[in-house]
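# Structure at a glance
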Amino acid sequence: MLRTLTAVLFLLLLPLHSSSAASLVTDANGILTGARDILVGVNKYDVVIGNGTCAGLFSGCDEQSDFPFIAADVYGASDALLALLQYDTRFVQAPTRISGCEASGFGNCILLTPYRLSTTYPDYVDIIGSLLPTSGQPYSVETMSTINHYNAGSSGRTYAVWTKSQPATVPEPSTLMLLGIGLLSQRWLRTRGKRVPV
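Overview of the structure.

Rules of the game
Residues numbered from 1 in each chain as written. Predicted model: local features only at pLDDT ≥ 70, side-chain atom pairs only at ≥ 80, totals over all residues. Heavy atoms only, no water. Pairing = 2+ DSSP bridges. Helix = DSSP H or I, 4+ residues; strand = E, 2+ residues; numbered from the N terminus. Phe/Tyr/Trp six-rings, centres within 6.5 Å; stacked < 30°, edge-to-face > 60°. Buried < 20%, exposed > 50% of the residue type's maximum accessible area, 1.4 Å probe, protein only.

## As for the pairing of strand 2 (residues 32–40)
Two strands pair when backbone bridges link them, and strand 1 (residues 23–26) and strand 2 are joined in this way by 4 bridges, in the antiparallel orientation. The residue bridging S23 from the neighbouring strand is R36, located in strand 2. Linkage of strand 1 to strand 2, two consecutive antiparallel strands, is achieved through a turn of 5 residues, within which G30 is found at a positive phi near 80°. Where strand 2 meets strand 3 (residues 43–50), 5 bridges bridge the pair, whose relative direction is antiparallel. Bridge assignment links G34 to a residue of strand 3, and that residue is V48.

## Focus: the packing of aromatic side chains
On inspection of all chains with the given rule, the structure shows 5 aromatic pairs. Look at Y45 and F69: their rings are 4.9 Å apart centre to centre, the planes differ by 55°, and that puts the pair in the tilted class. In this pair, Y45 sits in strand 3 while F69 sits in the loop between helix 2 (54–57) and helix 3 (71–85), placing the two residues 24 residues apart along the sequence. For the pair shown, Y45 and F69 are each scored as buried. When the centroid spacing of 5.2 Å and the interplanar angle of 80° are considered together, the rings of F69 and W162 count as edge-to-face. Of this pair, F69 sits in the loop between helix 2 and helix 3 while W162 sits in strand 7 (residues 157–164), placing them 93 residues apart in sequence. Each member of the pair, F69 as well as W162, is classed as buried.

In structure tokens:
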């Protein structure tokens, strides 16, 4: 009886366990549009992959605060995104299935993550490029204008826009589940009290 009660309680409490693993986000056509809950350091981030200018996607792209990472963290972020993508053959073998790279004739896709204002050129930013499919060198470090940008459709480049994930709310147990636990406990206590000692 105790084993049965334990099993039932375990099954009832199972929905309370909520851990969010990193996952890819695709649209209805199977095109990769982003990822959720990518762990970088101690923070989780969501990523939206898409076209646009650096200025349009990163709040002007003209202040360091416009970028979610500093130089020390951008490689960890790129590593985490590549690790999530590298085993998914839908995108590694067909990088044109990544948003912004659909029309690329290059056979690869570079996900651009700006991380600082250029110290060399005014109105330029330094960008880490994560290359898919990864062949040898997984990154390229580029400097590009904040206003002009690569046309993602023709050059195989698209932006990865990172934002901190909202903390998950702790789910409360449902009323039915609590009622079930109470009834099972009552039943167990009743049967335990009726035992006749030998």
